[in-house]
Structures are given as C-alpha cells and as structure tokens.
Amino acid sequence: MTGFVLAVLAGLLCLWGGVREARLQARLRRYGVHAEGVVVDQYLAPSDDFDLTPVIEFTDRQGRPVRFTPVATGKRTGMDLGTHVPVVYLPERPENARVFTRRHLRPTVISLLTGSVLFLGAAAWAVLTS
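Residues numbered from 1 in each chain as written. Predicted model: local features only at pLDDT ≥ 70, side-chain atom pairs only at ≥ 80, totals over all residues. Heavy atoms only, no water.

Details of the side chain of aspartate 60
Stage number 1. Within the secondary structure, aspartate 60 is located in the loop between strand S2 (52-59) and strand S3 (65-68).
Stage number 2. What makes aspartate 60 buried here is its relative accessible area of 6%.
Stage number 3. Residues contacting aspartate 60, with those up to four places away along its chain left out, are Val66, Tyr89 and Pro94. (Helix = DSSP H or I, 4+ residues; strand = E, 2+ residues; numbered from the N terminus. Buried < 20%, exposed > 50% of the residue type's maximum accessible area, 1.4 Å probe, protein only. Contact = heavy atoms within 4.5 Å.)

Some details on the sheet that holds strand S4 (residues 84-90)
Stage number 1. Strand order in the open sheet made by the 5 strands is S3-S2-S1-S4-S5, with antiparallel pairing throughout. Only two strands of the sheet have a single partner each, and these edge strands are S3 and strand S5 (93-99). On average, each strand axis in the sheet is tilted by 40° relative to the strand beside it, whichever way the strands run.
Stage number 2. Contacting strand S1 (33-44), S4 and S5, helix H1 (residues 2-31) crosses the sheet at an angle of about 100° to S4. (Pairing = 2+ DSSP bridges. Axes fitted to C-alpha atoms, helices over the stretch in contact; angles between N-to-C directions.)

Quick notes on the environment of arginine 30
Stage number 1. Within the secondary structure, arginine 30 is located in helix H1.
Stage number 2. Between the C-alpha atoms of arginine 30 and leucine 90, which are 60 residues apart in sequence, the distance is 9.7 Å.

Observations regarding the confidence of the model for the protein
Stage number 1. Per-residue pLDDT for the protein averages 81, and the proportion of residues at 70 or more is 81%.
Stage number 2. Looking over the protein, one finds the lowest element-wise mean pLDDT in helix H2 (residues 102-129), namely 70, and the highest in S3, namely 96. (pLDDT = per-residue confidence, 0-100.)

A closer look at the packing of aromatic side chains
Stage number 1. Enumeration according to the criterion identifies 2 aromatic pairs in this entry.
Stage number 2. A centroid spacing of 5.9 Å and a plane angle of 75° characterise the contact between phenylalanine 58 and phenylalanine 68, whose relative ring orientation is edge-to-face. Within this pair, whereas phenylalanine 58 is found in strand S2, its partner phenylalanine 68 is found in strand S3, the two being separated by 10 residues in sequence. Comparing phenylalanine 58 with phenylalanine 68 shows no difference in burial state: the two are buried.
Stage number 3. Note on phenylalanine 58 and tyrosine 89: the rings are 5.0 Å apart at their centroids and 35° apart in plane angle, and the pair reads as tilted. Of this pair, phenylalanine 58 sits in strand S2 while tyrosine 89 is found in strand S4, placing the two residues 31 residues apart along the sequence.
Stage number 4. Taking the relative accessible area as the measure of exposure, tyrosine 89 reaches 3% and is therefore buried. (Phe/Tyr/Trp six-rings, centres within 6.5 Å; stacked < 30°, edge-to-face > 60°.)

Structure below.
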C-alpha cells in the first residue's frame, strides 16, 4: 500500500510540475522578452558526476545583469563557455529565464509528463496485481 501511495504522489508531483512548466513556457512565448545570453561559467552539480551545468548571463530591459542556470542540462545542450544563446524571460521575473530553443524548452515538459505517466502507471499496476 505504501508503494501505491508513493507512486501516486510522485506521479501527481510530476504532473503538477509538467503542467506548471508548460504554462510558464506558454506565458514566455506570449509575453516574454527576448535577449541574448552568454555562457559565463560552468559548474559540476552535486548530484551529477559527469555533466557541467552552464551559468548564463544576460542583461534585462533595465540594464541589470541576470544570471541563471538552464532547466535542461547535459552534454548535448551545446553550451560551452562563451556560447551565445537566445534567452526569453518575463519582465517581472527575469531570474526565471529560459534558453529559448526547442532543445531546451520541450524536454523539460516531456520528461515531467512522462514521469507522471510512469508513476501513475506503476500505481495502477500495484493495484491490479494485489
């Protein structure tokens, strides 16, 4: 029973995250301000032994520098130091900027929604086999 509850909670959490990210991306497409960012730093995340996480800096409309780390990271993101990348942000929350390419936007939503299907499927399987 505990496994079922945990699978349902994990599935709902992934679903909530996927819907939230999809809504943010829709707002960014509609109301977002576009800028050019530059990869200014990279660091090894504590949970990752292999891939460097890029730090991207851009200047917002007020002329303030803003730094953020992209949601999608990994070797195939093509973000070496000095790489220029398109950025989109909401004027009221520039720190929540996203790299504005399909390679960086779509995988986040897809992976969260896939996770929700897997966890909810595991919960259904647990009920059906018990």
